[in-house]
Amino acid sequence: MTSRRSPKQQIEELREQLHRHNYRYYVLSDPLVSDAEYDRLLRRLIELEADHPEFVTDDSPTQKVGAAPQTGFDVIKREKPMLSLENAMDREEFVEWSERLVREVGEEGRTDFVCEPKIDGVAVELLYRDGALVQAATRGDGTNGEVVTENARTVRAIPLRLRGENPPAYLNVRGEVYMHKKDFDELNRRQEEAGEKVYANPRNLTAGSLKQLDPKITASRHLRFAAYGFGGAEGVEIESQWQFLEAVREWGLPCSPHAGRCKDIDAVIRFYERVLEERGDIPLEIDGIVVKVNAFTLQEKAGFRARSPKWAVAWKFPSQEERTRILDIDVQVGRTGTLTPVARLQPVKVGGVTVSNATLHNEDEIKKKGVLIGDWVFVRRAGDVIPEVVAPIPDLRDGNEKPFRMPKKCPVCRTLVVRVEGEAATRCPNVECDAQVKERIRHFASREALDIEGLGEKLVVQLVDHKLLRNAADIYDLTLESLLPLERMAEKSAENLITNIKESKETTLPRLIFALGIRNVGITVAETLAAHYATIDELVRAKQEEIAGIYGVGPVIAAEIARFFADPRNRRVMKRLAESGIRGRAVALVSSKELQGKTFVFTGTMVRVSREQAEAEVKKRGGKAVKSVSSKTTYVVAGEKAGAKLARAEKLGVEVIDEEAFLRILGEEQ
Ligand code: IVH
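Residues numbered from 1 in each chain as written. Predicted model: local features only at pLDDT ≥ 70, side-chain atom pairs only at ≥ 80, totals over all residues. Heavy atoms only, no water.

J.: Please set out the site of the ligand residue by residue, giving values where relevant.
T.: The ligand sits among 15 residues. The nearest are Glu 116, Ile 119, Glu 176, Tyr 228 and Lys 292. Contact distances for the ligand include 3.4 Å between an oxygen atom and a backbone N or O atom of Leu 85. At 2.6 Å from an oxygen atom of the ligand is found a side-chain nitrogen or oxygen belonging to Glu 176. Protein contacts shield 87% of the accessible area of the ligand, which totals 520 Å² for the unbound molecule. Mapped onto the shell around the ligand, the elements with two or more residues apiece are β3 (113-119) and β10 (286-293). A total of 4 residues in the shell around the ligand trace back to one element, the largest contributor, which is β3. Looking at side-chain class alone, the shell around the ligand contains 9 nonpolar, 1 polar and 5 charged residues. (Near = heavy atom within 4 Å. Polar contact = N/O pair within 3.5 Å; in protein donor to acceptor, adjacent residues only side chain to side chain. Areas by Shrake-Rupley, 256 points an atom, 1.4 Å probe, with all protein chains shown as cover. Helix = DSSP H or I, 4+ residues; strand = E, 2+ residues; numbered from the N terminus. Nonpolar A, V, L, I, M, F, W, Y, C, P; charged D, E, K, R; others polar.)

J.: Now, about the environment of Leu 509: what can you tell me, with residues and values included?
T.: Inspection of the secondary structure assignment puts Leu 509 in helix α16 (residues 509-515). A residue is classified by how much of its surface remains accessible, and Leu 509, at 1% relative accessible area, is buried. In the structure, Leu 509 is positioned 28 residues away from Asp 537 in sequence and 11 Å away in space, judged by C-alpha atoms. Ignoring sequence-local partners within four residues, the contact set of Leu 509 consists of Ala 530, Tyr 533, Ala 534, Thr 535, Ile 536, Arg 583, Gly 584 and Arg 585. (Buried < 20%, exposed > 50% of the residue type's maximum accessible area, 1.4 Å probe, protein only. Contact = heavy atoms within 4.5 Å.)

J.: Please provide a residue-by-residue account of the packing of helix α20 (residues 554-566) against helix α21 (residues 568-579), values included.
T.: Here α20 crosses α21 at 75°, and the two axes come no closer than 5 Å. It follows from the interaxial angle that α20 and α21 lie roughly perpendicular. Residues Phe 564, Phe 565 and Ala 566 of α20 pack against Pro 568, Asn 570, Arg 571 and Met 574 of α21. Among the residues making up the contact of α20 with α21, the classes are represented as 5 nonpolar, 1 polar and 1 charged. (Axes fitted to C-alpha atoms, helices over the stretch in contact; angles between N-to-C directions. Parallel < 35°, antiparallel > 145°, perpendicular 65-115°, else oblique.)

J.: Any details on the environment of Ile 373? Residues and values, ideally.
T.: With respect to the element layout, Ile 373 can be found in the loop between α11 (363-369) and β15 (376-380). Apart from residues no more than four positions distant in its own chain, Ile 373 is found in contact with Ile 326, Leu 327, Asp 328, Ile 329, Glu 401, Lys 402, Pro 403 and Phe 404.

J.: A description of the pairing of β3 should follow, citing residues and the corresponding values.
T.: The buried fraction of β3 is high, at 6 of 7 residues. Bridge analysis of β3 against strand β9 (residues 260-262) gives 3 bridges, and the strand direction is antiparallel. By the bridge assignment, Val 114 is partnered in β9 with Arg 261. Direction of pairing for β3 relative to β10: antiparallel, over a ladder of 6 bridges. Within β10, the residue paired with Val 114 across the bridge is Lys 292. (Pairing = 2+ DSSP bridges.)

J.: Lay out the packing of aromatic side chains in plain terms, naming residues and giving numbers.
T.: Tallied over the full model, the rule gives 15 aromatic pairs. When the ring of Trp 97 is compared with that of Phe 113, the centres are 6.1 Å apart and the planes differ by 55°; the resulting orientation is tilted. Here Trp 97 is found in helix α3 (residues 91-105), whereas its partner Phe 113 is found in strand β3, with 16 residues between them in sequence. Here Trp 97 and Phe 113 have matching classes, each one buried. Taking 5.8 Å as the distance between ring centres and 5° as the angle between the ring planes, the aromatic pair formed by Phe 230 and Phe 296 counts as stacked. In this pair, Phe 230 is assigned in strand β8 (residues 224-234) and Phe 296 in helix α10 (residues 296-302), connecting sequence segments 66 residues apart. Exposure remark for Phe 296: the relative accessible area of 14% places this residue in the buried category. Here the aromatic cluster, defined as three or more aromatic residues joined through ring pairs, consists of Phe 94, Trp 97, Phe 113, Tyr 272, Trp 315 and Phe 317. Here the basic side chain of Arg 163 rests over the ring of Tyr 23, its NZ or CZ set 3.6 Å away from the ring centre. (Phe/Tyr/Trp six-rings, centres within 6.5 Å; stacked < 30°, edge-to-face > 60°. Lys NZ or Arg CZ within 6 Å of the ring centre and 35° of its normal.)

This is the structure in structure tokens:
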């Protein structure tokens, strides 16, 4: 884009580009640019529109940042209620459902089905007139829903205007607003750090975000959308669920990339098993699959029960919640001094993994849930989400249970703890507290930060206890001589550690920013900051108001950053890091194309990189990382305990490589 173009042309082009990027990202799951590049384009558009308000339109991507706060939500009454679904809890119940269908509609009931993951979010209905989003309303009780249009407008995956030249005159689409587990974790961590309400699961957080009176808060919540239901249209003919899913994608509305068409009941059963196996790899929470008769004529013939259709069923996955006992409640001190109560549990298997600790977040949460030490409780573990105590089972109490009390003194340094009024978090104010020192250093060396292999939690504790480390800069003063006298420190591991420490100096800017451990600055925020400032010094010198204005950062985080850099102790550490040669190299924002056209599927556990990292590296090089194996897959990367995907690759004759070979392809000397 050149500046010779008129501002109007530039604005229109930018809008086109941003619409296209949203479509590539949310509908095709195949982005063309990095998030940082997207933000840059958006910022440019915001600036241009600010200078030329006469060109602002209602469907500009800038209108997604959130309108003025509202005072409440209107309620609408639907003629065609949004229904719920009958559940099948196991295979037997599912087969029963399918047999009942055949009994009721005859042999025609042996038909084809569309299967979609059952997304655990919040059901919303969107209305488009002449291609423009005019209303969004929650399901509510099915008939009465709340109008949340202003909030839905901030969801990037919900287009303000449908794609294409001839959108239908009227379109009613139903779907689920939801959140990725990773975004949920990061937001909850921020809420916890800031002493604000933590949410039990992504669904609650989504519901809470959609019901914010201030749409700007909704805008900051990384909500997503997947369409699954056709509520009617004018100007188009749609005859089946599958045709509907194809049409919505054309209109620019995302639907689940995991939806599939199954020719009969056996195919549905295979679909269920495959999704169940891949559940952990799917970035959102799903609690089962929804099976729907494909043809609309047959759906009509099957009809409805009171509140649910007979042509669809939710076949649930086995529970991720189990019962166990709280043996005790300990208190952990985090990097920023927050005291977190942690339940020590009688070990229990949840979703195939043994859980023996679960977070209780803070004092208020314990009170709210009414949990006592010694209680039988439900614990929940969902994918990568940290296990947590859901609720006690009061009927199983025997009178020996005891209430938990937050200690008055920090369990590590004995400083009196503080609880700021209005905040849920209790903190140890002593920044020199050993617990904080250890956590800060551990964070600095962690995988997503400077990634110093060998400098894990145990060793950090040992080094701090031996007074060899007090802050991150001290790591670079460690020598073989200082390490060797430590207990259980072999010469070889000491040598390796020194090498790894040296190599960690070649880090990237986002990693370095993240590593500093500034409150509320997670990896995503660090990446955003690195996209704006070429060097760490630029960030240090940046004005607080300027940082606050960055899309995705905001005033609260900007204040934390300013506070961090104003502290002379932090400045000293940063100066020493710079003297050790740690600069944080800028990373290329536009992806290279080395792996263009190549598709990777990862299965099993990798040792040297996490699956997320591996996928990110592939995407950075222009390749694709997908979840299921097909004949189009270029490589299946098999880690330890690789399962069904490996078998499928072999069946299809797809090349299988191991982790080492994969790293060689990336060209990284790991
Ligand atoms: S179809 C008439 N499809 O599940 C059919 N629902 O228990 C109505 N849900 O309120 C729903 N994923 O919030 C359908 N792929 C999917 C779904 C889905 C999640 C939710 C939805 C609905 C609830 C019904």
